[in-house]
Each structure stands twice: as structure tokens, then as C-alpha cells.
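# Notes for the structure review
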Amino acid sequence: MNNAEELRKLDRDAIWHPYSAMHSDAPVYHVVAADGVRLKLANGQVLIDGMASWWSVIHGYNHPAMNQAIERQLQDMAHVMFGGLTHTPAMALTKALLAITPAPLSAVFFSDSGSVAVEVAMKMAIQYCAAKGEPERQRFISLRSAYHGDTFAAMSVCGPVTGMHSLFADVLPEQVFVAQPQCRFGEPCTRRDIVPLANALAEQGKACAALIMEPIVQGAGGMWFYSADYLQQARQLCDEHDVLLILDEIATGFGRTGKLFACEHANVAPDIMCVGKALTGGYLSLAATLTTENIHTTIDSGDPGVFMHGPTFMANPLACSAAVTSIRLLLESDWQANINRIASALEAGLMPCRRLSQVHGVRVLGSIGVVELNEAVDMQTIVPKFVAAGVWVRPFGKLVYVMPPYIMAREDLDILTSAMVSVIADI
Ligand SMILES: *Cc1c(COP(=O)(O)O)cnc(C)c1O
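Computed from a predicted structure; not experimentally measured.

### Here's the deal with the side chain of serine 321
Its place among the elements puts serine 321 in helix H10 (residues 317-332). We classify serine 321 as buried; its relative accessible area is 9%. In terms of polar contacts, serine 321 uses its side chain to reach the backbone carbonyl oxygen of proline 317, at 2.6 Å. Among all residues touching serine 321, those that are not within four sequence positions of it are Ala69, Gln73 and Pro89.

The following block contains the structure:
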């Protein structure tokens, strides 16, 4: 089983990839190693990675300090159950997270993926409301075009049209959806922009436990950057209606947008916050849901007096060590200058796209670069073109976007953006 053809056949015949069909002719590339910002394929080709493995690999692949942290932890223990037991990596990570997240957050619940962190956030909100005598608050308000994950409760708060989950509509809890904010990042939020949310809260707020949002950047639902002012007004409205605010920082956390957490653009603190993706620098699967003292003490005071969740691999020590090291590397680096540097390179490099007739618009925020096309791309043909150009870019729908590792050098950023320009011009 070491022949590349044979392996490829096995992959095609028996392995599912995300949102894919078995036996598909869609290209799947065999990666044998990754180092820095480069992926090495089985055929010897090397690609510059524009995706950071879906937002997560912020320090690059095969990072010596990250490798060392995991190797050292492996000598002590790879894993131990978290029920009734604890360990230093989890405690060190809790300390690190509480030091960098908004002040009111004071408690952490660890889980193994972003979707589960969202499930946990939603359960926290419902348990909190029940514990304070409002068990009728069971629903959630969410924005159209939101993406919060693929498990059932998370799916229920994904934008119904862009959320990729319409097949399951009948079994999902019905949530309250509000129009996507049209006010762009950097622009004010007008009365017209906020009215749909204000109305939803006025009309259905009493049946709702929380408003859940991706702060500033709507990711997989459309790569849309909206006004910080909108987020600020949303926070105020939640307070007025006694509805909790859950911020899903799974994509935006750890510097990606130019702030450590995107909610800082609006000077807003959530009641519950989810982090994942870049938490471990892309090394291992780990996520966390953070909340305030008021919420966890209220939950503890209610019935049954405990928070009802507990994953088998909760706070895996290897993943926690990776996360502690990733946060340390981030804070020790001049990450803000790095993000600004990438933002300038993306702005400059993607500028020629603005003149292309295929292109609807180009937007850059922090180290996220998005080219929105007029028509959806054909994945079957566009991905091989990127690979031929020596870069890894995986578009979806009308969106060709990149969010490179923070360490990507200017020359590599230029190769990446030139490839985007020439591939898009050639559509
Ligand atoms: C990726 C993502 C999730 C889901 O995380 P998984 O680890 O894929 O389960 C949830 N919310 C946002 C904003 C995301 O980008």
C-alpha cells in the first residue's frame, strides 16, 4: 500500500472529505509533508498555502517550538480523562486564555471542535435562563449568512440559505433570523441597518436565550466584513432585552482581523465566547467556550446544579500544551505589525482584480483577503489552476479568498496574490 495510485484509489473509493461525494472526480491532492508556509505533495510539487488549513495554522507548519511543546507533553502523558482529574496544560491554558480575552470572561469549558464549542455555548445560555427562572427562553437569534458549524444546534443558527443545511430544516429547532448587516466594516451603522435586529428582539426577545454572532467577519457564510458599530449596537440591544450575547470567535480569534479578538474592534465583551481553529496553532483539534462569573454561578445555583456537558477528550493535554505554546508565540511576536504587513501585501497584490470583469469586489481585513466574483467558480477546473501556479487556494461559491499563516514572507504573498489575479483573469 505504498503505491501512490493505489492510495489515491483507496481515498476515492472509501474516504469522505468535507462536503464531498465518494468516487468524485473532484481533485484531491496527497500531502506528504508541510513546513513553514509550504505544503509538499506526493508528486514532489510544493504549494504556498493561502488557507492556513482553514484559519488555523497561524505560525506555519512544522514549527520547532510547537513540535517541542507537544513532544515534551508526550513524555508526561498524551491524554487523561478530565472528570475528577486535572492537569497543568489545562490550567496553564485557562490562565493564558483568561489573560487575553475580554475581562468579564472568567471560566472556560474545553471541547474538541468549534461546532461543539457552539453547542456548549447554546446549552450554557439555555441552562442559565432556566436557572434564573426563565425556562421559556429556548430560542436563539442569528444573522442570515452566519456560519456556526455542522452539528445540529450549530446548524440551526447557520444562515438558512448560505448555511448548506436546508436538507435538515425539518428536524432543526426553528431560530429567529435577522438580515445580514449591510453596513461594511469601517462604516457607521445606520438606523436602517439595525432595525431588523431591534424588531426581532422587541417581538421575540422574550422567547430567546441569546443572540449568536460571528463578530465583524462572517466567515464560511460569505466572507463578509460588517460595521463594528453594528456589533456595538447589538450588544446594547441585547442588554436592553435581557438576551445574552454569544460571540463565535472561532474563525476570527487570535489576531486574524488585526485585533486579538474581533470583538475588540467594537469594544464589546460577550457573555459567552467560542474559540477554536487557531487556538492550537492548527496542531490539534481543540476548542473552548468561555463565560462570565454571573452565568456560571447562576447555572451552578439552578437545577441540576451542574453544567450538562462532558466530552471524552475534554482538555486533551497534548492539545492544551500546543495551545499554550501557540498563544505564547503569538504574544511574543510582533503579530499586529505582521497582520498589517500581510494586509498591505493583500491590498496591493489583489488590486488588479478590481479591474477584472469577472470580479464583483475585493475586500481585505487584517490578514484576510477576499475576491468576490460575479459567478460561482467551477471547483473542478479552478483548483488545478491554482495548483499549477504553485499555490493552495480553495474557493467556495463566488468567493476566492485567502487567510495565510502570519509568518508568510512578502515574496510568498506576492506569488500567492499574482496567482489569484492570473487564475481569476483566466476564468
Ligand atoms: C469553523 C467554524 C466553526 C466550526 O468549527 P469546527 O471546528 O469545524 O467544528 C464554527 N464557527 C465558525 C465561525 C467557524 O469558522
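### A few points about the site of the ligand
Every residue near the ligand is listed here: Ser113, Gly114, Ser115, Tyr147, His148, Gly149, Glu214, Asp248, Ile250, Ala251 and Lys277. Contacts to the ligand include glycine 114, whose backbone N or O atom sits 2.8 Å from an oxygen atom. At 2.6 Å from an oxygen atom of the ligand is found a side-chain nitrogen or oxygen belonging to serine 115. Compared with its free state, where it exposes 380 Å², the ligand has 82% of that area covered by protein. Among the residues forming the shell around the ligand, the class breakdown is 3 nonpolar, 5 polar and 3 charged.

### Looking at the nonpolar core
One recurring pattern in soluble globular proteins: nonpolar side chains tend to sit buried together. If you look at the biggest cluster of nonpolar residues, it comprises 135 residues, and the most contacted ones within it are Leu197, Met213, Tyr230, Phe254 and Val371. Excluding residues within four positions of it along the chain, tyrosine 230 makes contact with Leu143, Val178, Ala179, Pro181, Cys183, Cys189, Asp193, Ile194, Leu197 and Met213. Judged by nonpolar contacts, the second largest core, of 5 residues, contains Met66, Ile70, Leu318 and Ala322.

### Considering the environment of leucine 172
Checked against the element boundaries, leucine 172 lands in the loop between helix H6 (152-156) and strand E6 (176-178). The class of leucine 172 is buried, set by a relative accessible area of 14%. A C-alpha to C-alpha distance of 5.5 Å links leucine 172 and serine 156, two positions 16 residues apart in sequence. When near neighbours in sequence (up to four residues on either side) are disregarded, leucine 172 contacts Phe152, Met155, Ser156 and His165.

### Considerations on helix H3 (residues 64-76)
What sets the pattern is the α-helix's 3.6 residues per turn: residues three or four places apart point alike. Across its 13 residues, H3 extends 19 Å between first and last C-alpha, which sits within 8% of the 18 Å expected from 1.5 Å per residue. The inward-facing, buried residues of H3 abut helix H4 (88-100) and H10.

### What to know about the sheet that holds strand E13 (residues 359-365)
An order of E13-E14-E16 is seen for the 3 strands of this open sheet, with the pairing classed as antiparallel. Looking at strand neighbours, the two that pair on one side only are E13 and strand E16 (399-402), the edges of this open sheet. The mean inter-strand angle of the sheet, taken between neighbouring strand axes irrespective of direction, is 10 degrees. Bridge analysis of strand E14 (residues 368-373) against E16 gives 4 bridges, and the strand direction is antiparallel. Across the sheet, the residue bridging to glycine 369 is valine 402, located in E16. Contacts from helix H13 (residues 410-425) reach E13, E14 and E16, with the element oriented near 170 degrees to E16.

Rules used throughout
Residues numbered from 1 in each chain as written. Predicted model: local features only at pLDDT ≥ 70, side-chain atom pairs only at ≥ 80, totals over all residues. Heavy atoms only, no water. Helix = DSSP H or I, 4+ residues; strand = E, 2+ residues; numbered from the N terminus. Buried < 20%, exposed > 50% of the residue type's maximum accessible area, 1.4 Å probe, protein only. Polar contact = N/O pair within 3.5 Å; in protein donor to acceptor, adjacent residues only side chain to side chain. Contact = heavy atoms within 4.5 Å. Near = heavy atom within 4 Å. Areas by Shrake-Rupley, 256 points an atom, 1.4 Å probe, with all protein chains shown as cover. Nonpolar A, V, L, I, M, F, W, Y, C, P; charged D, E, K, R; others polar. Core = buried A, V, L, I, M, F, W, Y, C linked by side-chain atoms within 4.5 Å. Expected span 1.5 Å × (residues − 1). Pairing = 2+ DSSP bridges. Axes fitted to C-alpha atoms, helices over the stretch in contact; angles between N-to-C directions.

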